[in-house]
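As a plain string of letters, each chain reads:
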Amino acid sequence: MSLKKTQAARLASWMSCRALALAAAAPLAVPIAAQAQQAPAAVTINYDIAPGTLQDTLNAFGQQSGILLTYASELVQNTHSPGLKGRYTPKAALDQLLQGTGLRATQERQGIYTLRTAPNISQLGPVTVQGGVQDPTLPIEGFIATRSASLKGGQDILDAPRTINVVTRDQMDAQAVQTLDQALRYVPGVVTESNGIETRSDNLSVRGFAPTTYRDGLEDSWTKVEPFGMERIEVIKGPASVLFGQATPGGLVNMVSKRPTADPRGEFHIQGGNFDRKQAGVDIGGPIDEDARWRYRVVSLIRDSGTQVDYVDDNRRYIAPSLSWHPSAATSLTFFSRYQRDRSGMSFSALPVEGTLLPNPWGQLPANRFTGDPNHNAFHADQYGTGYELQHSFNDNWKVVQNLSYTKADTEFRALFGDGFGSLQPDKRTYLRDVVDQVDWNHSFLVDTRLEGNVPVGATRHGLTLGLDWKQTRSGYDYSGAYYGMPGEVAPIDLYDPAYGVEIPDYSLMSTSTSRLRQLGIYAQDQIHAGNWVFSLGGRYDDARTDYDFANLMYGSASQSNHADSAFSWQTGAVYHFGNGLTPYASYATSFEPVNGGDFDGNDFKPQKGKQWEVGIKYQPSGHDSYITLSAYHLTQTNVLTPDLEHSGFRTQTGEVQVKGVELEAKAHVLDGLSLIASYSHQRAEVTRSNTAGDEGRPLANVPRNQASAWLDYQVQQGALAGLSAGFGVRYIGSLFGENGGNYKIPSYTLLDAALRYDLGRLNPRLKDASLMLNATNLTNKTYVRICGGRFACQYGNQRSIMATLAYRW
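Residues numbered from 1 in each chain as written. Predicted model: local features only at pLDDT ≥ 70, side-chain atom pairs only at ≥ 80, totals over all residues. Heavy atoms only, no water.

> How would you sum up the overall build of the protein? Please name residues and give values.
In terms of helices and strands, the protein carries 6 helices and 42 strands. Classification of the 810 residues of the protein by burial places 54% in the buried group. Within the protein, residue pairs in contact and separated by at least 24 positions form 68% of the contacts whose partners lie at least 6 positions apart. For the protein, the accessible area works out to roughly 33600 Å², and carbon and sulfur atoms hold 56% of it. (Helix = DSSP H or I, 4+ residues; strand = E, 2+ residues; numbered from the N terminus. Buried < 20%, exposed > 50% of the residue type's maximum accessible area, 1.4 Å probe, protein only. Contact = heavy atoms within 4.5 Å. Areas by Shrake-Rupley, 256 points an atom, 1.4 Å probe, with all protein chains shown as cover.)

Have a look at this one:
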């Protein structure tokens, strides 16, 4: 838009605001039907509005924002506003201007807001708005998050001296995300589908390491995640033990649950797609009472679906109710609960390297080939979770936060797997199989209590976090089966002419294991704001005790270990804010991860240690809705297990691995209706110390040297096609090795994704808030090998998925 048109639009907006505010003849100003090119609700603008009467401040707001307001003139009479200064989204700006007035701004449609009396909201005390920033636990508009829920204190991402990637709810909806893997496909440095197609669990690596997953800041990594229950997903790159305890050095994934909101909201959708996919979901919530002291939310989903692998289903039942209580502006208590029931098969149908990655005289094996048998193929998972989050502010500077969770997960999988010692016979088509039946269980109790302070000291301001957390888990498994060659072996399968319905022989319990972990952590962090500088310093001490029992019934052996680990981890960093939106930073951080077992001499293994240097620059230009991060890092993990050359069958901790890389992520609202997500990562991951001959200098498994992706999302703003949106994505994954040592190199591949959406309200006003969406991943149906973890453990990647969604959101 030209400068003259922009000025004209703002002048028209100001005149409309003025006329509406002075329209005493009517009880409510007439809404404006036609609007100028309004800024989207997620765009931040610099405001400079002095305190004064509410009418004057709203007039100034209209001039500076281009937003049209409708309201009854008597609402603003004899009312004062605190004014506004800084960068805000339109909604956050109005919240600040209306602070203490008892009024609320409601968006009618893009660029038009209506002021209404908020029912007794003033009784809760003034609403705190910090510079128009987002609440990282509540819904936000668009793809760009500026604050993190994972940094314990809701810090501004610009102030954090590390890389943080956030996938918002709007992005997940635009891309029709169905799994955690799919949600993180466009995040740099994250490798998805790391075990190929897998119905049992999510499969990721972050900067070369499998990350620990968290839910609302507490560990939750037992079964596959339902992303429909998430408000956002955050990836914290690099060692993060100071705030979270034991973790791999590559980073972690923290999922933020949907929670009750003060405003009524809801969603209902039905979906259908290939592989006989049928799904319905409901998400409703809002205030229970007139004062919005009690709020609720219920998220539920039901799915019946097949997969690209024959005889493998992907069925789920999910419900997650939550309830929050806000007795005052200083106190809130939110209760969470969830139940998830998965009934599927074992999609991890490992195939030999000949016929997938390498040629086979009988041809290429199809991606839907199932090497098991329907008579012995199931994955059953039931997980329960409950907990709460308590927050209480003592004053403007200090508050206490406590998070607590209890989870219980029970799983069983039954399958016929390719025998790992020689599955493929010399004829290149007969495949030997083992019988597997494993039952897993896990109980975990976690509580994290922290004191957060915002303390001015001279010319500096200290953001303090002092915390204590406790973790207690009990887990175990019973493994039953029969190996090929044992009495009662199962019949082999012809990979090129499979016959199913074979008799499953009797099998017996082969091994059992139980483990108990108790861990206490004490941590502290100080974020020091001094002018344009932000300095961070944090430390943590953990004491962990592990009891481990293992029995091998097949060989009549058993072992026990009881060991205690303690570790100190720390991090430091500095950030500098230039006035033009550029923010360079540098940091150093460490991590630890306990290791079960011991060496030949009976000494318990020490925790694996991680350390990382990272430098980078973040860019958030003033007046533009965009966010760019460029980073370079060098991380090292020590105390890695490697074979003991002097004692066969034992291991020592003399191994070491390193990962060096560069990452770039850009998210931007480029033009009205046009948004962009782009990423690139370059990683060099290798074994730098090992007792295995030839390992040093070899690449780590499943880490591509290069990755790149981009997603464009455009919504037609006017004309006959107004209401139509389209998205297009491209993902490039460079070549990688399927196992440490580089025996099987997997070639690079490029995948295309696409989306179409239409606002049905454009066809008929009765269909307001309804939309129809069509999403496709791997649009060209490219067949590619995703991983080869050995000669008999290759997996294809996901083939084309097409999904139609009819949704109603309000």
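> So what's going on with the pairing of strand S28 (residues 557–576)? Residues and values would help.
For strand S27 (residues 533–552) and S28, the ladder comprises 20 bridges, and the chain directions are antiparallel. Residue tyrosine 548 lies in a different strand from S28, and its bridge partner there is serine 561. As consecutive antiparallel partners, S27 and S28 are separated by 4 residues, and within that stretch glycine 556 has a phi angle of approximately 70°, a positive value. Note: S28 against strand S29 (residues 582–593), 5 bridges, orientation antiparallel. Bridging from a neighbouring strand, glutamine 571 pairs with alanine 589 of S29. Hairpin connection from S28 to S29: 5 residues lie between these consecutive antiparallel strands, with glycine 581 at a positive phi of about 100°. (Pairing = 2+ DSSP bridges.)

> Tell me about the state of the cysteines, residues and numbers included.
Tallied over the full model, the rule gives 1 disulfide. In this model cysteine 788 forms its disulfide with cysteine 794; the gap between the sulfur atoms is 1.9 Å. Taking the sign of the torsion about the S-S bond as the criterion, the disulfide between cysteine 788 and cysteine 794, at about 115°, is right-handed. The burial state of cysteine 788 is the same as that of cysteine 794; both residues are buried. (Disulfide = S-S within 2.5 Å.)

> Explain the sheet that holds strand S8 (residues 164–168) residue by residue, including any values.
Here we have 5 strands laid out as an open sheet, ordered S8-S13-S14-S11-S12, and mixed in their pairing. Two strands close off the open sheet at either side, each with one partner strand: S8 and strand S12 (218–219). With 2 bridges connecting them, strand S11 (residues 212–215) and S12 associate as antiparallel partners. In the sheet register, tyrosine 214 faces S12, and the bridge partner there is glutamate 219.

> Please set out the pattern of salt bridges residue by residue, giving values where relevant.
Per the counting criterion, the structure on display carries 40 salt bridges. For lysine 428, the salt bridge identified is with glutamate 354, shortest N-O distance 3.4 Å. In this pair, lysine 428 is assigned in the loop between strand S21 (398–418) and strand S22 (430–431) and glutamate 354 in the loop between strand S19 (331–344) and strand S20 (378–393), connecting sequence segments 74 residues apart. Owing to a relative accessible area of 24%, lysine 428 belongs among the partly exposed residues under this scheme. For glutamate 354, a relative accessible area of 12% gives the class buried. In this structure, glutamate 452 and arginine 450 form a salt bridge, with 2.7 Å as the shortest nitrogen-oxygen distance. (Salt bridge = Lys/Arg side-chain N within 4 Å of Asp/Glu carboxyl O.)

> Account for a nonpolar patch on the surface, with residues named and values stated.
Nonpolar side chains collect at one region of the surface, where Phe268, Ile270, Val282, Leu772, Leu806, Tyr808 and Trp810 lie side by side and expose about 610 Å² of accessible area between them. When residues of the nonpolar patch are traced back to their parent elements, those giving at least two are strand S15 (265–273) and strand S42 (801–809). With respect to the helices and strands, leucine 806 occurs in strand S42. (Patch = residues over 30% accessible without salt bridge, like charges linked within 9 Å, V, L, I, M, F, W, Y side chains within 5 Å.)

> Requested: an account of the side chain of arginine 297, with residues and values cited.
Position of arginine 297 relative to the elements: it lies in strand S17 (residues 294–304). In this structure the side chain of arginine 297 is engaged in a polar contact, spanning 3.3 Å, whose partner is the side chain of glutamate 231. A polar side-chain atom of arginine 297 sits 2.9 Å from a polar atom in the side chain of aspartate 283. (Polar contact = N/O pair within 3.5 Å; in protein donor to acceptor, adjacent residues only side chain to side chain.)

> Before we move on, could you go through helix H2 (residues 54–65) and cite the residues and values that matter?
Between its first and last C-alpha atoms H2 spans 16 Å; for 12 residues at 1.5 Å apiece the expected length is 16 Å, and the two agree. Most of H2 sits inside the fold, with 9 of its 12 residues counted as buried. Every buried residue of H2 is accounted for by Leu54, Gln55, Thr57, Leu58, Asn59, Ala60, Phe61, Gly62 and Ser65. One or two residues past the end of H2 sits glycine 66, with phi positive at roughly 80°. (Expected span 1.5 Å × (residues − 1).)

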